[in-house]
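# Chains, contacts and geometry: an overview
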Amino acid sequence: MLIVMKADANDGQIDAVVRVIEDLGYRAHPMPGASRTAIGITGNRGAIDVSHFENLNGVAEAIRISKPYNLVTRDFRSENTLVQVGDAT
């Protein structure tokens with residue numbers, strides 16, 4: 001699941017969502033972006049009820065992701081990943 005925060009969400013609201021995720025027994029992966037923060041959720045074995053998040057302050061939407069390899073998709077992190085190979089000198 002991916003929680004997309006509103007553009008004006010503050011650190012306290014993001015931390016509150018992370019606490020709810022962890023209280024449910026899952027792992028939260030905050031991903032700050034240029035205009036808003038998304039929070040990925042891992043550790044679930046099935047669907048998570050979106051009602052846990054929809055009414056929290058600062059949440060724009062909760063998106064169910066049913067694709068395998070969620071953590072490597074553009075839905076999870078839209079920025080390019082740069083990998084340096086070899087000696088940097």
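Data block above holds the structure.
These figures come from a predicted structure and were not determined experimentally.

Take the environment of Gly58 next. Its location among the elements puts Gly58 in the loop between helix H2 (51-54) and strand S4 (59-63). For Gly58, a relative accessible area of 8% gives the class buried. In sequence terms Gly58 and Asn10 are 48 residues apart; their C-alpha atoms lie 7.4 Å from each other. Not counting chain neighbours up to four residues away, the residues in contact with Gly58 comprise Met5, Lys6, Ala9 and Gln13.

Moving on, we get to helix H1 (residues 11-23). With 13 residues, H1 ought to run about 18 Å at 1.5 Å a step, and its terminal C-alpha atoms sit 18 Å apart, in line with that. The elements touched by buried residues of H1 are strand S1 (2-5), strand S2 (27-32), strand S3 (37-42), H2 and S4. The N-capping residue of H1, defined by a side-chain oxygen 3.0 Å from the backbone nitrogen of Gly12, is Asn10. Note on H1: the residue one or two positions beyond its end, Gly25, has a positive phi of about 95°.

Parameters and conventions
Residues numbered from 1 in each chain as written. Predicted model: local features only at pLDDT ≥ 70, side-chain atom pairs only at ≥ 80, totals over all residues. Heavy atoms only, no water. Helix = DSSP H or I, 4+ residues; strand = E, 2+ residues; numbered from the N terminus. Buried < 20%, exposed > 50% of the residue type's maximum accessible area, 1.4 Å probe, protein only. Contact = heavy atoms within 4.5 Å. Expected span 1.5 Å × (residues − 1). Polar contact = N/O pair within 3.5 Å; in protein donor to acceptor, adjacent residues only side chain to side chain.

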